[in-house]
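Inside the fold
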Amino acid sequence: MTQEDLTDHKTLARKMAEIATLTGEFTLRSGIVSNTYFDKYRFEAEPTILRPLAQKMASLLPSDTEIVAGLELGGVPLATAVSLETGLPAAFVRKEAKTYGTCQALEGQNCKGRKITFIEDIITTGGAVTDAYNLVTADDAEVLAVVCAIYRGEGAPNVKGVPSLEVRPAFTAADLTGS
C-alpha cells in the first residue's frame, strides 16, 4: 500500500472501506443478515491504516483510563496498537475463561479495581461487548466505555445488553459507505 496522509477522517475512512468492504450475503454475530461486511482483519493487518486508526481511537479514550482491554479476537490487535500509542497497559478479554493453564478470561493485566476501556473492532448490537462486560465486572474492574473502530448499529451508538455503557466509535458505517 502506498504512503499517503491518513490522518484526515474522510481519507482514513475511504482507505478502510476500500480495503475491507465485502459485498454478498453475510450473517453477523448478532444474527442480522447483511449484504455489506467490513472485514476488520484487512485493515487491522495493514500498518499504514492501523497506526492512524489507533491514533484516532486513542484520542477517544476517557481520560481516566488505566488499562485498554481488547476483546477477542479483532479487538486484540487494536488494543495493542492503542497501547503502543498511549503507553497504557493492555489486557485481552477472551470470550470465555480458558480450561487450561491460568484458566482466566482476562489476560495480560490484573484489572481488579482498575478503570478499563474496552477496545473493539466492529459493533452492531454489542453482543460480544456485553459478554466481556459481564466477565470483567465479575473480576471487580470498572468499565468506563468502549472505543470501537466501526459502529454499524442502528441509531446512536450503544450496546443493547449494557445501555449505560458509553460507545465511542472512530467511524460509523455511514462514514465508510459515504451515506
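Quick note: structure is the one above.
We now turn to the structure provided with this report. These numbers come from a predicted model, not from an experiment.

**Overview of the overall build of the protein**
- Tallying secondary structure elements over the protein gives six helices and eight strands in all.
- Overall, the protein shows an N-to-C arrangement of helices and strands of α-β-β-α-α-β-α-β-β-β-α-β-β-α.
- If one aligns the C-alpha atoms of the protein with their principal axes, the spans along those axes are about 40 × 35 × 30 Å.
- Of the contacts made within the protein by residues no fewer than 6 positions apart, 59% connect residues no fewer than 24 positions apart.

**A look at the packing of aromatic side chains**
- Tallied over the full model, the rule gives one aromatic pair.
- One residue, lysine 56, lies across the ring of phenylalanine 171, its end atom 5.7 Å from the ring centre.

**Describing the sheet that holds strand β3 (residues 67-71)**
- Across the sheet, which stays open at both edges, the six strands sit in the order β5-β4-β3-β6-β7-β8 with mixed pairing between neighbours. Sheet topology places β5 (106-107) and β8 (166-172) at the edges, where each strand pairs with a single neighbour.
- Here β3 runs beside strand β6 (residues 115-123); their pairing, made up of four bridges, is parallel. Residue pairing in the sheet places glycine 70 in a bridge with isoleucine 119 of β6.
- Helix α4 (residues 75-86) contacts β3, β4 (90-93), β6 and β7 (142-151) of the sheet and is inclined by roughly 160 degrees relative to β3.
- Contacts from helix α5 (residues 127-138) reach β3, β4, β5, β6 and β7 within the one sheet, and its direction differs from that of β6 by about 160 degrees.

**Quick notes on the layout of surface pockets**
- The computed volume of the largest pocket comes to approximately 450 Å³.
- In terms of lining, the largest pocket is formed by 23 residues, of which the most central are Arg29, Lys40, Glu120, Asp121 and Ile122.
- Listing elements by their share of the lining of the largest pocket, those giving two or more residues are β2 (33-38), α2 (40-44), β6 and α5.
- With four residues, the top contributor of residues to the lining of the largest pocket is β6.
- By residue class, the composition of the lining of the largest pocket is nine nonpolar, seven polar and seven charged.
- Its boundaries defined by the atoms lining it, the second largest pocket holds a volume of some 230 Å³.
- In terms of lining, the second largest pocket is formed by 14 residues, of which the most central are Ile32, Thr124, Arg152, Gly153 and Glu154.
- At the level of elements, β2 and α6 (173-177) are the ones that each hand at least two residues to the lining of the second largest pocket.
- Broken down by element, the lining of the second largest pocket gets its largest block of residues, four residues, from β2.
- Class assignment of the residues belonging to the lining of the second largest pocket gives a composition of four nonpolar, seven polar and three charged.

**Topic: the packing of helix α3 (residues 47-58) against α4**
- Packing of α3 against α4 leaves a shortest axis separation of 9 Å and a crossing angle of 70 degrees. Between α3 and α4, the angle falls in the class roughly perpendicular. Where α3 approaches α4, its residues Leu50, Arg51, Leu53, Ala54, Gln55, Met57 and Ala58 are matched on the opposing element by Leu78, Ala81, Val82, Glu85 and Thr86.

**Regarding the nonpolar core**
- The biggest cluster of nonpolar side chains holds 30 residues, and the ones touching the most others in it are Met16, Leu53, Met57 and Ile119.
- Looking at this core, the elements with two or more residues in it are α1 (9-20), α3, α4, β6, β7 and β8.
- Counting residues per element, this core draws most heavily on α3, which supplies six residues.
- Membership of the second largest hydrophobic core comes to 22 residues, among which are Ala69, Ile116, Phe118 and Val162.

What counts and how
Residues numbered from 1 in each chain as written. Predicted model: local features only at pLDDT ≥ 70, side-chain atom pairs only at ≥ 80, totals over all residues. Heavy atoms only, no water. Helix = DSSP H or I, 4+ residues; strand = E, 2+ residues; numbered from the N terminus. Contact = heavy atoms within 4.5 Å. Phe/Tyr/Trp six-rings, centres within 6.5 Å; stacked < 30°, edge-to-face > 60°. Lys NZ or Arg CZ within 6 Å of the ring centre and 35° of its normal. Pairing = 2+ DSSP bridges. Axes fitted to C-alpha atoms, helices over the stretch in contact; angles between N-to-C directions. 1 Å grid on protein atoms, 1.4 Å probe; cavity = no way out; pocket = protein on both sides within 12 Å on 5 of 7 lines; lining within 4 Å. Points joined across faces, edges and corners; volume = space filled by probe spheres on them. Nonpolar A, V, L, I, M, F, W, Y, C, P; charged D, E, K, R; others polar. Parallel < 35°, antiparallel > 145°, perpendicular 65-115°, else oblique. Core = buried A, V, L, I, M, F, W, Y, C linked by side-chain atoms within 4.5 Å. Buried < 20%, exposed > 50% of the residue type's maximum accessible area, 1.4 Å probe, protein only.

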